[in-house]
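Working through the structure, step by step
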Amino acid sequence: MKASVIVCVYEREREIVRCLESVVASLEDETEIVVVDDGSRDGTVEAVRSLARAASTRARPIRVVENATNLGVSGARNAGIAAASGDVVLFTDSDCVVDPDWLRAYLAAFERRPGMGAASGLVEEPTPTTLAELAYGGSGAIGRSAAQRRRLMGCNMAFRKVGLDRHRFDEALDYGCDEDEIAWRLERDGFGIGFVESARVMHFHRVDTRGFLREGYRLGRGAARYGYKRGHVLGHDLWALTAAVVCLIATPFESQFGVLAAIFLGIQIAAIAFNERWLKGKSLASTLKVLPLDCLYYVYKAAGTWVTWLRLATGGERAIRASRRQDRLARSKGYVLSE
């Protein structure tokens, strides 16, 4: 079974070398590496080409795809898929280091489970160095609990090429919910989604407070676009906060709405704490330490969601509108599994 490993990168000239060295060390025979540079303006391409020359002398070819402009994560992944020739296509991020048995674990899992069209593996994280990194910690956790709804994690996932030949990443989702959206379509088309615990990566996602909150806003925008495509208004993680804000706005007209606002806000805070403690796996002390920052993060995420829905309501967001029309047209014609 031939495999293609795709690594998308944007302006990470130091991190990409460490990542690719770990990927090269994990390779099996008949495996290719495709690096997609998404319009970097630093020394990323030069660093990749230098490593590619060294790797080729060890019979470990690295192909480089250069996007003329920054296409976003989905566009970059699709460029990599177009260049890939493997039966199984694996993705990791440029700020990750893969385990030496990473590739073998995925290939063995696909061999054992012929109905599995895609899978994610275990994402581990280094010790946090900032409060924002502590708050972010566990965001890549997947397979920990049935209550976790994410099926695929972008920094550690693999697909049968037959599934990707039919379903590419939705480029209207340039950041946030891109993996959730393709998992939804794959499952709808009959492909199983699995979890391979032995396929491990270490994710060095360094972030400060500003970057953490900015990420929340961007994820909120992605969640709104994904919800629009699926016909959902709000994700389960934002309904209580949204209800609290609506009640707060109505309080001057009817004082009882103030009580409801407090109740909904309490539900939102409790849900955030539950997510940190049991789904992300933080200690009680860490949960309490990051709770104020996490609450602010969800305010930013909600703002991103609300702004995007406002744009949708006023005729904006043309890319996701077109994507939704295309998806509904495809559904009306029925789905046939690719051969």
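So, here is what we can say about the structure in this document. Just so you know, the residues in each chain are numbered from 1, in the order the chain's sequence is written. Residues qualify for local features only when their pLDDT is at least 70, as the model is predicted, and side-chain atom pairs are given and counted only at 80 or more; totals for whole chains, interfaces and linings, by contrast, use all residues. With hydrogens and water stripped out, all remaining heavy atoms of the structure feed into the side-chain values.

What follows covers the nonpolar core. Counting residues in each nonpolar core, the largest one holds 38 residues, and the members touching the most others are Leu20, Ile33, Ile62, Leu90, Trp102 and Tyr106. Counting 22 residues, the second largest nonpolar core, distinct from the first, contains Cys8, Val36, Ala84 and Ala183. Side-chain atoms within 4.5 Å link the members of a nonpolar core, which is a set of buried Ala, Val, Leu, Ile, Met, Phe, Trp, Tyr and Cys residues. Each residue's exposure class comes from its accessible area (1.4 Å probe, protein chains only) as a fraction of the maximum for that residue type: buried when under 20%, exposed when over 50%, partly exposed otherwise.

Once that is clear, we can look at the packing of aromatic side chains. Here the aromatic set is Phe, Tyr and Trp, taking the six-membered ring for Trp, and pairing holds for ring centres within 6.5 Å; pairs whose planes are under 30 degrees apart are stacked, those over 60 apart are edge-to-face, and all others are tilted. With the rule as written, the count across this model stands at 10 aromatic pairs. Consider the rings of Phe91 and Phe169, whose centres lie 5.8 Å apart with planes at 80 degrees: the pair is edge-to-face. Linking Phe91 in strand E4 (residues 88-93) with Phe169 in the loop between helix H6 (161-166) and helix H7 (178-188), this pair joins segments that are 78 residues apart in sequence. By the burial criterion, Phe91 is buried, and Phe169 matches it. Here Tyr228 and Trp309 contribute two aromatic rings whose centre-to-centre distance is 6.1 Å and whose plane-to-plane angle is 70 degrees, an arrangement assigned as edge-to-face. With a gap of 81 residues between them, Tyr228 in helix H8 (residues 209-230) and Trp309 in helix H11 (residues 284-313) connect regions that are remote in the sequence. Relative accessible area serves as the criterion here: at 12%, Tyr228 is assigned to the buried category. A residue is classified by how much of its surface remains accessible, and Trp309, at 23% relative accessible area, is partly exposed. Secondary structure elements are taken from DSSP: a helix is a run of H or I of four residues or more, a strand is a run of E of two residues or more, and numbering for both begins at the N terminus.

This part takes up the pattern of salt bridges. Take a side-chain nitrogen of Lys or Arg and a carboxyl oxygen of Asp or Glu: if they are within 4 Å of each other, that pair is a salt bridge. Enumeration according to the criterion identifies 25 salt bridges in this entry. As a salt-bridge pair, Arg104 and Asp101 come within 2.7 Å of each other at their nearest N and O atoms. Residue class for Asp101 comes out partly exposed when judged on its relative accessible area of 41%. In the salt-bridge network here, residues are joined through shared partners; they are Arg77, Arg150, Asp178, Glu179 and Asp180.

This part takes up the side chain of His203. The topology assignment puts His203 in strand E8 (residues 192-203). Counted as a polar contact is a pair of N or O atoms within 3.5 Å, where, for protein atoms, one must be capable of donating a hydrogen and the other of accepting one, and residues adjacent in sequence contribute only when both atoms are in side chains. There is a polar contact of 3.2 Å between the side chain of His203 and the side chain of Asp95. Residue contacts follow a heavy-atom distance rule, with two residues in contact if any of their heavy atoms lie within 4.5 Å. Not counting chain neighbours up to four residues away, the residues in contact with His203 comprise Asp95, Cys96, Val123, Glu124, Glu125, Pro126, Tyr136 and Cys155.

Take it as geometry only, folks, not as evidence of what the structure does.
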